[in-house]
Amino acid sequence: MQFNLIGPFEIVTDDDQAYAPKAPKICQMLAVLALQPREAVGTDTLVRELWGEDAPSNAIRTLQTHVYHARRMLEDAQGDAPARTLLVTQAPGYRLDIADDEVDVHVFERFVRRAQWELNQGSPERAANHLRRAQALWRGQMLSNVSVGVVLTGRIAHLEELRIRALELRVETENQLGRYREFLPELRTLVNDHPLHEWFHGQLISALHRAGRRGEALQAYQDLYNILKRELGLEPSAELQRLQAEILHVDDHDAVRLRPRKGAVSESAFTSLWATAVAS
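The following refers to the structure shown. (Residues numbered from 1 in each chain as written. Predicted model: local features only at pLDDT ≥ 70, side-chain atom pairs only at ≥ 80, totals over all residues. Heavy atoms only, no water.)

1. Re helix H8 (residues 198-210)
In this model H8 runs 18 Å from its N-terminal to its C-terminal C-alpha over 13 residues, within 8% of the 18 Å that 1.5 Å per residue would give. Where burial is concerned, most of H8 is hidden: 12 out of the 13 residues are buried. Those residues of H8 that fall on the buried side of the exposure criterion are Trp199, Phe200, His201, Gly202, Gln203, Leu204, Ile205, Ser206, Ala207, Leu208, His209 and Arg210. Residues of H8 that are buried make contact with helix H6 (150-176), helix H7 (184-193), helix H9 (214-232) and helix H10 (238-249). (Helix = DSSP H or I, 4+ residues; strand = E, 2+ residues; numbered from the N terminus. Expected span 1.5 Å × (residues − 1). Buried < 20%, exposed > 50% of the residue type's maximum accessible area, 1.4 Å probe, protein only. Contact = heavy atoms within 4.5 Å.)

Have a look at this one:
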């Protein structure tokens, strides 16, 4: 059974039947549990997710009712397949008895972590393969069909940061493979989708210059300058200003390349996405 949280929440059975529970609080509860597979999540954490600081006096009893209906739904979803007891009571709350690879968020994290490792080992082709598999899992904003509470909001922000890192890795991988010309359309998309991400802008500027499109590279710098001035009242970083100066003064045959993205280059940067307790 597969729990998909990237994009609309859904549960996909072993025979490829998709279920999207209609009860929003059941979706919220199962999502929190799926982010910590085979680990007990406290009832206080689940209550905080479902009701925030305004939990009703009968919150625990209502939570037990949600658990009952979730169990029935999971049993029905398994159909004629050998029954698995997926939702288990375990102090201090409940546990979803599934493997990490049955949750798309954890699979996504693993692919990104492997891509980082392969890139560090000098294997950009293998890194690119892991990143393609990670990208295939991205169906849109996490839990886009569910109204989330404070617990899941933090997890969504964490996943969005991991996705940004995956996109940065994709750029670094294509650079190592020398495919800066082929990657230009995607760089333009990244700059459009993340207009305040200076590093993406810098990679576009550098790639345009290496492709012999010096004028477009300078225009891309000017576009970034205008965005930062308009939105934040800032100028591009010193590194990008140096890049512009180099483009203005180097020979057309010289290559200008920004250094790889600082930070998050060690495998420790990708320790388990949900290593901290959900309750924290």
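Structure shown, so let's carry the discussion forward.
2. A look at the sheet that holds strand E4 (residues 41-42)
Pairing within the open sheet is antiparallel, and its 3 strands lie in the order E4-E6-E5. Edge positions in the sheet fall to E4 and strand E5 (87-90), since each has one partner strand and no second. As paired strands, E5 and strand E6 (residues 93-96) are joined by 4 bridges and run antiparallel to one another. Across the sheet, the residue bridging to Gln90 is Gly93, located in E6. Where helix H1 (residues 24-34) meets the sheet, its contacts fall on E4, E5 and E6, and the angle it forms with E6 comes to roughly 70 degrees. Sheet strands touched by helix H3 (residues 59-78): E5 and E6. Its angle to E5, the strand with the most contacts, is close to 145 degrees. (Pairing = 2+ DSSP bridges. Axes fitted to C-alpha atoms, helices over the stretch in contact; angles between N-to-C directions.)

3. Quick notes on the environment of His130
Tracing the chain through its elements places His130 in helix H5 (residues 124-136). Spatially, the C-alpha atoms of His130 and Arg170 are 9.8 Å apart, while their sequence positions differ by 40 residues. Residues in contact with His130, not counting those within four places in the same chain, are Phe111, Arg114, Ala115 and Glu118.

4. A short note on the packing of aromatic side chains
Here the structure, examined in full by the defined rule, presents 2 aromatic pairs. Ring geometry for Phe108 versus Trp138: centroids 5.5 Å apart, planes at 50 degrees, classification tilted. Pair noted here: Phe108 is in helix H4 (residues 104-120) and Trp138 is in the loop between H5 and H6, with a separation of 30 residues, a long-range link. Ring geometry for Trp199 against Phe200: centres 5.9 Å apart, planes inclined by 55 degrees, an arrangement best described as tilted. (Phe/Tyr/Trp six-rings, centres within 6.5 Å; stacked < 30°, edge-to-face > 60°.)

5. Observations concerning the packing of H8 against H9
Running from amino to carboxyl end, H8 crosses H9 at an angle of 165 degrees, the nearest separation of the two axes being 7 Å. As far as their axial angle goes, H9 and H8 are roughly antiparallel. For the crossing formed where H8 meets H9, the hand is left-handed. For the pair H8 and H9, the contacting residues are Glu198, His201, Leu204, Ile205, Leu208 and His209 in the first and Arg214, Glu216, Ala217, Ala220, Tyr221, Leu224, Ile227 and Leu228 in the second. (Parallel < 35°, antiparallel > 145°, perpendicular 65-115°, else oblique. Left-handed = near helix turned anticlockwise from the far one by under 90°.)

6. A closer look at the pairing of E6
Note that E4 and E6 share 2 bridges and pair antiparallel. Its bridge partner lying in E6, Val41 is registered against Tyr94. Two successive antiparallel strands, E5 and E6, enclose a turn made up of 2 residues.

7. Quick notes on the packing of H4 against H6
Packing of H4 against H6 brings their axes to within 10 Å, and their N-to-C directions diverge by 35 degrees. Between H4 and H6 lies a crossing whose hand is left-handed. Residues Val105, Phe108, Glu109, Val112, Ala115, Gln116 and Leu119 of H4 form the contact with H6, whose participating residues are Leu159, Leu162, Arg163, Arg165, Ala166, Leu169, Glu172, Thr173 and Gln176. Here the residues of the contact of H4 with H6 sort into 9 nonpolar, 3 polar and 4 charged. (Nonpolar A, V, L, I, M, F, W, Y, C, P; charged D, E, K, R; others polar.)

8. Thoughts on the pattern of salt bridges
Inspection of the entire model under this criterion finds 14 salt bridges. The closest approach of N and O atoms between Arg170 and Glu174, which form a salt bridge, is 3.5 Å. Here Arg170 pairs with Glu174, and both are found in helix H6, just 4 residues apart, close to one helical turn. Accessibility assignment for this pair places Arg170 and Glu174 in one class, buried. (Salt bridge = Lys/Arg side-chain N within 4 Å of Asp/Glu carboxyl O.)

9. Some words on unusual backbone geometry
Residue Pro92 is reached from Ala91 by a cis peptide bond, and omega for that bond is 10 degrees. With respect to the helices, strands and loops of the structure, Pro92 is situated in the loop between E5 and E6. Even without glycine at this site, Arg38 takes up a positive phi of about 60 degrees. On the secondary structure map, Arg38 appears in the loop between H1 and E4. Not every positive phi belongs to a glycine, and Leu143 is a case in point at roughly 55 degrees. Checked against the element boundaries, Leu143 lands in the loop between H5 and H6.

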